[in-house]
Amino acid sequence: MKILFRSNRLCLRFINKNYSTAPKSLATVNVNGKEYRTDDYTNITPKITSYINRNLHLKKDNPLSLVRQRIVNYFYGSFTHGGNPSFSVYDNLSPIVTSRQNFDDLLIPEDHPSRAKSDCYYINSSTLLRAHMTAHQSELLRAGLDNFLMIGDVYRRDEIDSTHFPVFHQVDAVRLQRKHDLFENHPDLDIFEPSFDPWNPHAYTNSISNPTKQSCHTLEATKLMEAQLKNHLIGMVKVLFGDDIKYRWVDAYFPFTHPSWELEIYYENDWMEVLGCGIMRNEILANAGPNNSIAYAFGLGLERLAMALYKIPDIRLMWSTDSGFLSQFQNKDVNASIEYKPVSSYPQCTNDLSFWLPPTLTIDSFMSNDFYDLVRDIGGDVVEQVKLKDKFVHPKTKKHSLCYSIVYRHLERTLTQAEVNKIHDEIARATVNAFNVVIR
Ligand code: FA5
Ligand code: MG
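Residues numbered from 1 in each chain as written. Chains lettered and ligands numbered in written order. Predicted model: local features only at pLDDT ≥ 70, side-chain atom pairs only at ≥ 80, totals over all residues. Heavy atoms only, no water.

A. Fine view of the site of ligand 1. Around ligand 1, a shell composed of 26 residues is seen, among which His132, Thr134, Arg156, Glu273 and Val274 lie nearest. Between ligand 1 and His132 there is a distance of 2.9 Å, counted from a nitrogen atom to a side-chain nitrogen or oxygen. Gln170 places a polar side-chain atom, nitrogen or oxygen, 3.2 Å from an oxygen atom of ligand 1. Those elements that place two or more of their residues in the shell around ligand 1 are strand S10 (167–178), strand S12 (257–267), strand S13 (270–280) and strand S14 (293–301). It is S13 that contributes the most residues to the shell around ligand 1, five residues altogether. For the shell around ligand 1, the residue count by class is ten nonpolar, nine polar and seven charged. (Near = heavy atom within 4 Å. Polar contact = N/O pair within 3.5 Å; in protein donor to acceptor, adjacent residues only side chain to side chain. Helix = DSSP H or I, 4+ residues; strand = E, 2+ residues; numbered from the N terminus. Nonpolar A, V, L, I, M, F, W, Y, C, P; charged D, E, K, R; others polar.)

Next up, the structure:
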């Protein structure tokens, strides 16, 4: 899943039955040393639980940590207040959050596809592994903060390839301004339209039907915030990649910002989305406390930036504990230019898996993310990619069939065909058990 909050995500996924690798018979599950009750939402797997506390973003020699430090330095250096950095940094917040934090506080509608079991790792219906760092925005605003960065690991059920992993890292930020900060030299200008009373925000229905601004905000405040937001982010990208970096802004949609944009950079002959951002919905600020203010927010992916910056070809390498990988980032100045050199490239091994779906399932209703989780649980990190190779409906029996290619490759040694076959057979057996399919 590349885009969590685009409005055009298919809702079709909702109607399907979910496969979960979690042991259903248990009434509780232990996550990070704490027992949680399970229910029909529980789909967190032991494999996923094992990533909690790895904290790659804080490990000294990990490329993610180098990029994190450069971003933090940029924000510390660019914004000071009386000589002190005006941004505070939270990089140690627990990834276990409530659905209120991850969704409700951010105005994400009840039926929004990003809440689906097929997209998130739920501990139970009210608790999940955060799917984005924005989950902490409201609690930090409630605590009285106005300029802050939230950095950590996020969890999403997703496809498998060189740029997707179910655990990745985000830097999220909020920068809040009051009238006297924003319009220091223009006391005649205001944040809010005269029809909106910031001291009584709930008496007003804030509309986002105008693409340029929220109805409660003035055009001047929105445009000034947009200019600051874009300048700050382009400044950051230039500090990382140099002044010549090619970039473009794309209009976007997030339930918690309006207007919203995504920033893409040109990398390896293609545009790559690196962050989402926008002007925070005023309802979120009003609910969390700081009225009479306007804020921008953004969220970026550390892996994408690290891959582009250090020319790291595969996202799984970030998790490597191999000294051949880590030594390339060891004892380096955070600003050093580093180009990753593959330690060695081991051969791939591709095995196909074809099966007939049971009469209750069709090609469209088969939950591919459930299948990907199963493959990952059994194959572990030697699974480099799973791709749908073929779909077929039998003309007579009308039975549906799918064929997936599973690409196996170890990052640190050569896999033998016998080893791969053993894993592949296990995946086939588990697929039969989980989905009631018949192997072709
Ligand atoms: C979000 O997660 C929003 N919370 C970002 C945001 C915050 C918008 C605050 C507005 C205000 P999105 O799903 O697009 O949005 O992810 C943000 C970034 O995370 C992406 O631009 C990308 O850099 C990174 N990202 C998303 N999915 C993956 C993935 N599967 N693997 C690696 N990086 C990813
Ligand atoms: Mg996106």
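This is not the end of the story, as more comes after the structure.
B. Spotlight on the side chain of Ser260. Relative to the helices and strands, Ser260 resides in strand S12. Of note is the side chain of Ser260, whose polar atom sits 2.7 Å from the side chain of Thr257.

C. Fine view of the domain arrangement of the protein. Entries for the protein in the domain assignment read domain 1 (28–310) and domain 2 (349–439). Relative placement of domain 1 and domain 2: their C-alpha centres are 35 Å apart. Listed as interface residues are 13 residues of domain 1 and, on the opposing side, 13 residues of domain 2. Taken together, both faces of the contact between domain 1 and domain 2 bury some 1,200 Å²; the carbon and sulfur share is 49%. (Domains from an automatic or database assignment. Contact = heavy atoms within 4.5 Å. Buried area = accessible area lost by both parts, 1.4 Å probe.)

D. Structural detail: the coordination of the magnesium ion (ligand 2). Coordination sphere of the magnesium ion (ligand 2), protein contribution only: Glu262 (OE) and Glu273 (OE), at 2.4 to 2.7 Å. Of this pair, Glu262 sits in strand S12 while Glu273 sits in strand S13; the two residues are eleven residues apart in sequence, bridging distant segments of the chain. (Donors = N, O, S within 2.8 Å, 3.2 Å for Na, K, Ca; no water.)

E. A look at the packing of aromatic side chains. According to the stated counting rule, one finds 26 aromatic pairs in the structure shown. With a centroid separation of 4.5 Å and 35° between ring planes, the pair formed by Phe371 and Tyr404 is classed as tilted. Taken together, the positions of Phe371 in helix H10 (residues 368–379) and Tyr404 in strand S17 (residues 400–408) put the pair 33 residues apart, joining distant regions of the chain. Every member of this aromatic cluster is reached through a ring pair, and the members are Phe355, Phe366, Phe371, Tyr372, Tyr404 and Phe435. Here the guanidinium or amino end of Lys117 rests over the ring plane of Tyr41, the centre of that ring lying 5.6 Å away. (Phe/Tyr/Trp six-rings, centres within 6.5 Å; stacked < 30°, edge-to-face > 60°. Lys NZ or Arg CZ within 6 Å of the ring centre and 35° of its normal.)

F. Fine view of the environment of Asp251. Tracing the sequence through the fold places Asp251 in strand S11 (residues 247–254). The exposed category is assigned to Asp251, whose relative accessible area is 62%. Note: C-alpha distance between Asp251 and Pro211 (40 residues apart in sequence) is 9.7 Å. (Buried < 20%, exposed > 50% of the residue type's maximum accessible area, 1.4 Å probe, protein only.)

G. Region of the structure containing helix H2 (residues 63–78). Its 16 residues place the ends of H2 23 Å apart at the C-alpha level, agreeing with the 22 Å of an ideal helix rising 1.5 Å per residue. Among the residues of H2, Pro63, Leu64, Ser65, Leu66, Val67, Arg68, Arg70, Ile71, Val72, Tyr74 and Phe75 are the ones counted as buried. For H2, the N-terminal capping position is held by Asn62, with its side-chain oxygen 2.9 Å away from the main-chain nitrogen of Leu64. (Expected span 1.5 Å × (residues − 1).)

H. Region of the structure containing the environment of Ser293. Following the sequence through the fold, Ser293 ends up in strand S14. We classify Ser293 as buried; its relative accessible area is 0%. For the pair Ser293 and Asn282, spaced eleven residues apart in the sequence, the C-alpha separation amounts to 8.6 Å. Only 2.8 Å separates the side chain of Ser293 from the backbone oxygen of Pro290, close enough to count as a polar contact.

I. A look at unusual backbone geometry. In this structure, Pro259 follows His258 across a cis peptide bond, with omega equal to -10°. Even without glycine at this site, Asn436 takes up a positive phi of about 65°.

J. Region of the structure containing the sheet that holds S17. The sheet built from four strands is open, its strands ordered S16-S17-S15-S18 with antiparallel pairing. Pairing within the sheet leaves two strands with one partner each, and these edge strands are strand S16 (383–393) and strand S18 (438–439). Where S16 meets S17, nine bridges bridge the pair, whose relative direction is antiparallel. Residue pairing in the sheet places Val386 in a bridge with Ile406 of S17. The strands touched by H10 are strand S15 (349–356), S16 and S17; relative to S16, the strand with the most contacts, the crossing angle is about 140°. Across the sheet, helix H11 (residues 417–435) is in contact with S15, S17 and S18; its angle to S15 comes to roughly 20°. (Pairing = 2+ DSSP bridges. Axes fitted to C-alpha atoms, helices over the stretch in contact; angles between N-to-C directions.)

K. How the structure looks around the pattern of salt bridges. Inspection of the entire model under this criterion finds 21 salt bridges. Here Glu226 and Lys230 are joined by a salt bridge, their closest N and O atoms 2.9 Å apart. Taken together, the residues Glu226 and Lys230, both in helix H6 (residues 219–241) and four residues apart, mark about one turn of the helix. Exposure class is identical for Glu226 and Lys230. Each is buried. Between Asp314 and Arg316 there is a salt bridge; the shortest N-O distance is 3.3 Å. No difference in accessibility class separates Asp314 from Arg316, as the two residues are buried. A single salt-bridge network, built from bridges that share partners, covers Asp314, Arg316, Glu384 and Arg409. (Salt bridge = Lys/Arg side-chain N within 4 Å of Asp/Glu carboxyl O.)

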